[in-house]
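# Structural overview
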Amino acid sequence: MKIDGKHYTTVWRELDCTESFSIIDQRTLPHKFVIEELSSVAAVAAAIQDMHVRGAPAIGATACYGMFLAFVEAKANQAKNSSEEIEKAVIDASKLLAATRPTAVNLFFGIDAQLVAADFSKPIEWQIENAIAVADAFAKEERERSRQIGLHGVSLLEEISKKKDGEVVNILTHCNAGWLACVDYGTATAPIYEAHERGIPVHVWVDETRPRNQGARLTAWELGQHGIPHTVIVDNAGGHLMQHGLVDIVIVGSDRTTARGDVGNKIGTYLKALAAADNEVPFYVALPSSTIDWAMQDGVAEMPIEKRGGEEVSYIHGRADSGEITRVLLTPEKSAVANYAFDVTPARFVKGLITERGVCAACPSALKEMYPKLSSNV
Ligand code: MRU
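Described in the following lines is the structure provided in the data block. Only a predicted model underlies this, so the values are computations on that prediction, with no experimental measurement involved. (Residues numbered from 1 in each chain as written. Predicted model: local features only at pLDDT ≥ 70, side-chain atom pairs only at ≥ 80, totals over all residues. Heavy atoms only, no water.)

This paragraph deals with the nonpolar core. Core analysis: the biggest nonpolar cluster contains 42 residues, and Phe21, Phe68 and Phe71 have the highest contact counts within it. Within the residue set of this core, elements represented by two or more residues are strand E4 (21–25), helix H1 (41–49), helix H2 (56–76), helix H3 (83–98), helix H4 (106–117) and helix H5 (124–163). Ranked by residue count, the leading element in this core is H2, at 14 residues. Membership of the second largest hydrophobic core comes to 34 residues, among which are Trp12, Val169, Ala188 and Tyr193. (Core = buried A, V, L, I, M, F, W, Y, C linked by side-chain atoms within 4.5 Å. Buried < 20%, exposed > 50% of the residue type's maximum accessible area, 1.4 Å probe, protein only. Helix = DSSP H or I, 4+ residues; strand = E, 2+ residues; numbered from the N terminus.)

Okay, structure coming up:
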C-alpha cells in the first residue's frame, strides 16, 4: 500500500539486512508514522506483545522474521556451541515468541514454518540464510493470499452494486483487518480496495473498536490514505445503522477460524453478527488459510481468548490540542475493569468466508472442499 505515494508493507526486510528487519510501529498512528527496526528476538516479542505490530497475518509474518533473528543470535553466542545448543536456543526463542499473544493462530503458523524448515545439522551460516529465505517467502505468500482475497471478495460488492443500480455500497467493518494487520492489502479491506480500483462506489462504516481503537486510528487512516470514503462510528452504532438500511454488507477479519467455521475476532465482532442476523444483512469474514485452526472445532468452548491489561480500558490515547500524543484516564481510579480482547462468532451467523481460494460457506464440508490437503494434515 502507498503512504504519501511510497509503497510500504507492514513488515519487511531490506535486502542487505541480514541482522534485522522493519515494521511500521502502529502505536502512534494516525498521528505519527514511525518505522521500527527490530534486531533481537526479545525486541520482536515485545513488539508483538505490546502491539507495535498487530493483526493476525502481520503477527505471523513478524514472528517468522523474529525466528530468523533466533538463528542470528545463536551464531553470535556460538563461542562453544554445538548443533544441539543451537537447536535449544532456537526452540527457546520460538517459545518466547509463541507466548506473546494467544488468540491469533497465524503467530504459531509463522513460527512453525521456521521450525519445519530448519536443519540443525547444517552449518549455522546455512541455517541463517535458510531462515531469511523462509521469512521472505512467508511474507510474500501472506501478501499474495490477501491479494487473492480481494479478487474473490470483490464479486460480492459487485453484485450488491448491480442490485443497487450503481449506488454506493455501504460496508461495515470492525477493528483493523486492513493492510496494517496483514503484510499488504488486508483481508476485510482487500475486496474494498479492489472495488475502489474497479470504479465501484463504496463507503465504509468504521467501528472505532474500543479499547485500542484500531478502527478509528488505523482503518480510518488506511482508507483515507487510499481515498476511500469512510465514516467512523462508535461501536454501538452498527445495529442502528443496519435497522435503517444503511449497511449492505458486513466484512470483518479473523484471528482464528475453526475447522467448522466459527470465527474468533476482535471483541465486539459477535455483537455485529447478531445485529446483522436480526436485520438480514450478510455477514462475511475475510481470512487467509493461515488463520484456520484445523485442529479446533468449537470456537466458543476451545479458543484461547486473550485478556489484556486493564489500562487499555481505563485510559484512552490520542493527540492533545498541543500536538502531544498522550493518554487520559476515563474511569474512576478505583473501578475494576476487564479487557477481553476477542470473541467468537459461531458459524451459523456467518454468511460466508472469503478466502484466497474463493468464497465458501462457514461449515466443515465447504472448508474441507476448499482446502483438501490442509484440512487432512491435522
Ligand atoms: O488485537 P489486534 O489488533 O491484533 O486484533 C486484530 C483483529 O481482531 C483483526 O480483525 C484480525 O487480526 C484480522 S486481521 C486481518
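Still more ground to cover, so stick around.
It is worth spelling out the sheet that holds strand E13 (residues 292–293) at this point. Pairing is mixed in the open sheet, where four strands are placed in the order E13-E10-E11-E16. The sheet is open, and its two borders are formed by E13 and strand E16 (342–345), each paired with just one other strand. For strand E11 (residues 263–266) and E16, the ladder comprises four bridges, and the chain directions are antiparallel. Looking across to E16, one finds that asparagine 265 is bridged to aspartate 343. (Pairing = 2+ DSSP bridges.)

Right, let's get into the packing of H4 against H5. To characterise two packed helices, one gives the angle between the axes of the helices and the distance between these axes. H5 packs onto H4 with a crossing angle of 140° between their chain directions and a minimal axis gap of 9 Å. The handedness of the crossing between H4 and H5 is right-handed. Counting all contacts with H4, which are made through Asn106, Phe109, Gly110, Ala113, Gln114 and Ala117, the residues of H5 involved are Trp126, Asn130, Ala131, Val134, Ala135, Phe138, Glu142 and Arg145. In the contact of H4 with H5, the residues fall into eight nonpolar, four polar and two charged. (Axes fitted to C-alpha atoms, helices over the stretch in contact; angles between N-to-C directions. Left-handed = near helix turned anticlockwise from the far one by under 90°. Contact = heavy atoms within 4.5 Å. Nonpolar A, V, L, I, M, F, W, Y, C, P; charged D, E, K, R; others polar.)

This part is about the pattern of salt bridges. Summed over all chains, the structure comprises 19 salt bridges. Close ionic contact of glutamate 306 with arginine 101 constitutes a salt bridge, the shortest N to O distance being 2.9 Å. Here the residue glutamate 306 occupies a position in the loop between helix H10 (299–302) and helix H11 (311–314), and arginine 101 occupies one in the loop between H3 and H4, the gap between them amounting to 205 residues. Looking at glutamate 306, the relative accessible area reads 6%, which means it is buried. One salt-bridge network, in which partners are shared between bridges, spans Arg101, Arg212, Glu306, Arg308 and Glu312. (Salt bridge = Lys/Arg side-chain N within 4 Å of Asp/Glu carboxyl O.)

Below, the discussion takes up unusual backbone geometry. Along the chain, leucine 29 connects to proline 30 via a cis peptide bond; the corresponding omega equals 5°. Note on placement: proline 30 falls in the loop between E4 and strand E5 (34–38). With an omega of 10°, the peptide bond between arginine 210 and proline 211 qualifies as cis. Assignment of secondary structure puts proline 211 in the loop between strand E7 (202–207) and helix H7 (214–225). Notably, cysteine 175 is not glycine yet its phi reads approximately 65°, a positive angle. Inspection of the secondary structure puts cysteine 175 in the loop between strand E6 (169–173) and helix H6 (190–197).

These figures come from the coordinates and say nothing about function on their own.
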